[in-house]
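Below are the chains, spelled out letter by letter.
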Amino acid sequence: MTARFAATALNLSNYRAEKRYRLMLFSMTAMLVLPVLIILSILVIRGAPMISFEFLFEFPRAGMTEGGIYPALLGTIFIVLVDLVFAMPIGVAAAIYLSEYAPDNWLTRAINLAIINLAGVPSIVHALFGVGAFVIFFQFGTSILAAALTVAIMTLPLVIVATRESLQAVPHAFREACWSMGATRWQTIFTVILPNAISGILTGLILEVSRTAGETAPIMFTGAAFFLPFLPESVFDQTMALSLHLFVVSTQVPNVPEALPFGVALVLIGIVLIMNALSIVFRSYLRGKKKW
Amino acid sequence: MAEKSAVPSRLDQRDASWFIDKLFQVLMFVGGISAVIFIIGIFVFITKEGLAFLFEGFSFLEFFGSINWRPTSTNPTYGALALIVGTASITGVAILVAIPFSIGAAVYISEFATGKTKETLKVLVELLAAIPSVVWGFIGLSIMNEFIIEVFDVPIGLNVLNAGIILGLMAAPIMTTIAEDALKAVPDKYREAAEAMGATRWQIIRQVVLPAAKNGLVSAVLLGVGRGFGETMAVLMASGHAINIPTSPFDSVRALTATIAAELGETAQGSEHYGALFALGIFLFLITFIINLAADLVVRGIRKK
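Residues numbered from 1 in each chain as written. Chains lettered and ligands numbered in written order. Predicted model: local features only at pLDDT ≥ 70, side-chain atom pairs only at ≥ 80, totals over all residues.

Moving on to the domain arrangement of chain A. Interface size is commonly expressed as the accessible surface area that is lost when the partners come together. All names here are of chain A. For chain A, the assigned domains are domain 1 (9–50) and domain 2 (53–289). The C-alpha centroid of domain 2 is placed 32 Å from the C-alpha centroid of domain 1. Facing the seven residues of domain 1 at the interface are eight residues of domain 2. Tallied by class, the residues present in the side of domain 1 that touches domain 2 amount to five nonpolar, one polar and one charged. (Domains from an automatic or database assignment. Contact = placed C-beta atoms within 7 Å. Nonpolar A, V, L, I, M, F, W, Y, C, P; charged D, E, K, R; others polar.)

In C-alpha cells form, the structure reads like this:
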C-alpha cells in the first residue's frame, strides 16, 4: 500500500475548532441582523392596518388622534427638495475639489478632518447651530429654508464621500487622454470625468434623500412644527414633517390610538428603506455596465 | 529661454477657456473649503449663543460636580453631572452590546463569507444603518419597553438598558462596516504566509489578521462611542428622561442630547436657561470632536506603518 493521506488527531481537532469558530461568528452575525428583522416585522404587522389612501392624503383630525399624515408627508418632501438644492452642488463641488484639484497639504487635511467632524457632530448640536445661525442670525425664522439648510450641512459628508469615491474610480488614463488633446482641467472634468461618475453621484443623491427624510433633531427647532392646520406656502413658512410627527404622536399627544404611531413609523421607514434599496440596486446595475 | 519662445504663442494665451477653467477651479475650491467654514461656523454660532451664560450663570464646579439640573426653579441650578453620567451609562451599555456583534459580524463577513452570502450580509448591514433615529426611539418606546417589562419583571421599561440596547443596535451596523474595512485592508499576503506555515483559518484570524487590523478596530469602537454620545432622538424616547444617577440598568436616566432636545423649545431666546442649553451643546461638540480626532489619528497610525 502506498501511503495515503490520513487525518491526524491534530488535523481533526483543528478542523472541529474551525467549524466551531465559524459557527460562533455566523451566529454573532445572525444576532446582529435577526433582532432588527424581528422588530421590523412587528412594525409592519402593527402598522400595516393603518395604511390607507385616507391615512396618506388627509390632514390629522381630533387633536392628531385621527385622520392622516398628508401635511407631514408633504412637509418632508419640501424639506428634502430644498435640502438637495443646497447639499448637492456644494457636496459635488467639494468632492471634485478633493478628487481633482486638492494638493496634499495642510489645507486638504483640514478639509478632510472637517468632513469627518461634520458627520460626527451630534445632530442636536447641528440643531443648535441652525437656531443660532439660520433662524436668528440670518433671520430666516423657523422655516423650511432654515431646517433644510441645517440638514444639508449635517448630511454634506454623505454626498461628498459618495461623489469623491465615484470620481476616484474613474481611471487616471481617461484624464491623461483628455489633457493630451489639449482640454483644460474643467473641460476634462465636465466632459469625461463627471459623465463617468454620474452613477456614484446619483447614489449619493438617493442616500441624501433617505437621510434627510429620517432626520428629526436638526429640524425640530429650525422649521418643523408639531401641528399646522394648513400647508406651507413658501420656504419661509414652517411645516410639519414625518419624522417629527412620529415623535409627536408617540410621546406628546394624549389618547392616540396605539396603531397610529406604528402607521407613521411604517411610512417613514418604508420611504427610507426603499430609497436605500434603490441606491443599492442602482449601484450594482451600473457596476455591471461599466466597461473598464 | 530659447526653448520657451519655441512654444507657439497661442498656447500661452489667457483666452476664454483659460478663464472658465480658473473660474471653475475657484468655485470647486469654495465647495471644498465650505466644510471647514461650516465646522468653524458651528463652533462660532453655538459659542456665541452660549457665551453670555458661560460668563454669568456658569460655574465650573456646579456644571461638572452637581447633579441638580433645575433650570426652571426660582433659584435655578445647572448641574450637568447626572446628564453626563446618564449619557455615559447608556453609551457604555450600547458599546457592550455592539462590540461583540459588530466585530464578530465583521470577521465573518470579511474572512468566512463568500459570494452571494457576503453581498447579502453587506446589503443587510447597510440597510440596518439607514433606519432613522426617531424610528429607533419609537421601537424603544413601544416594542423594547414591553419586552423589558415582560422579561425582567420591572415596572418601567424605559431605562439605561432599553436605551443602551437600542443605541447598541443602531451603532452596530456602522461599527461593522468600519471594522470590515479595517479587516479588508490587511494585505492578503499576510494570510497566505500564515496559511503556508500550516495555520488554520481561525489561527490566521486570531494571530495575524486581528492584530494587523487592531487600529482600525479601535477606531471603529471609538466612532461607536462618538455616535453614542451624540445620538438624540432614540435616547430621548427610550431612556425614561429622568434626572438620576443610575445604580442599576433598570433605572431611568437623562442624556445630555435629550435635555437639549426636550427643553430648547420651552426657553426664551437669550435667557439663562437658553444659554445653559447651548453650553451643553459646546460641551457635546468638544467631546465628539475629540473622539473623532482620536479615531482619525488611530487610523492614520496604520497608514504610517
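Once that is clear, we can look at the packing of helix α7 (residues 172–180) of chain A against helix α8 (residues 185–214) of chain A. Residues and elements named next belong to chain A. Interaxial distance between α7 and α8 falls to 10 Å at its minimum, and their mutual angle equals 155°. What the angle tells us is that α7 and α8 run roughly antiparallel. Like other packed secondary-structure pairs, α7 and α8 cross with a definite hand, here right-handed. For the pair formed by α7 and α8, the contact residues are Phe174, Arg175, Cys178 and Trp179 on the first element and Thr188, Val192, Ile193 and Asn196 on the second. (Axes fitted to C-alpha atoms, helices over the stretch in contact; angles between N-to-C directions. Helix = DSSP H or I, 4+ residues; strand = E, 2+ residues; numbered from the N terminus. Parallel < 35°, antiparallel > 145°, perpendicular 65-115°, else oblique. Left-handed = near helix turned anticlockwise from the far one by under 90°.)

Here we come to the environment of Gly141 of chain A. Mapped onto the fold, Gly141 of chain A is located in the loop between α5 (123–137) and α6 (144–168). What Gly141 of chain A contacts, discounting residues up to four positions off in sequence, is Val135, Ala146 and Phe236 of chain A.

This next bit is on unusual backbone geometry. Unlike most non-glycine residues, Gln139 of chain A shows phi in positive territory, near 55°. Along the polypeptide, Gln139 of chain A turns up in the loop between α5 and α6. Positive phi is not limited to glycine here, since His241 of chain B has a value of about 55°. Within the element layout of this structure, His241 of chain B appears in the loop between α11 (233–238) and α12 (256–263). Residue His241 of chain B is classed as buried on the basis of its C-beta count, with 21 C-beta atoms lying within 10 Å. (Buried ≥ 20, exposed ≤ 12 C-beta atoms within 10 Å, placed from the backbone.)

Attention now goes to helix α9 (residues 201–212) of chain B. An α-helical turn contains 3.6 residues, so a residue and the one three or four places further along point in the same direction. Taken together, the buried positions of α9 of chain B are Trp202, Ile205 and Val209 of chain B. Down the axis of α9 of chain B, the buried side of the element spans an arc of 85°, and every buried residue falls inside it. Exposed residues lying more than 90 degrees from the buried face of α9 of chain B are Gln207 and Pro211 of chain B. The inward-facing, buried residues of α9 of chain B contact α1 (9–47) of chain A together with α4 (81–112), α7 (160–184) and α8 (188–196) of chain B. (Arc of directions from axis to C-beta.)

All right, on to the nonpolar core then. One broad rule of soluble globular proteins: the nonpolar side chains tend to lie buried together. By size, the foremost hydrophobic cluster in this structure holds 184 residues, and its most contacted members are Ile79, Leu242, Ala265 and Leu268 of chain A together with Ile166 of chain B. No other element matches the 17 residues that α6 of chain A contributes to this core. Taken together, domain 1 (9–50) and domain 2 (53–289) of chain A each give at least three residues to this core, which thus spans both. If near-sequence neighbours (up to four positions away) are discounted, Ala265 of chain A is found in contact with Leu43, Gly47 and Leu246 of chain A together with Val135 and Phe138 of chain B. (Core = buried A, V, L, I, M, F, W, Y, C linked by C-beta atoms within 7 Å.)

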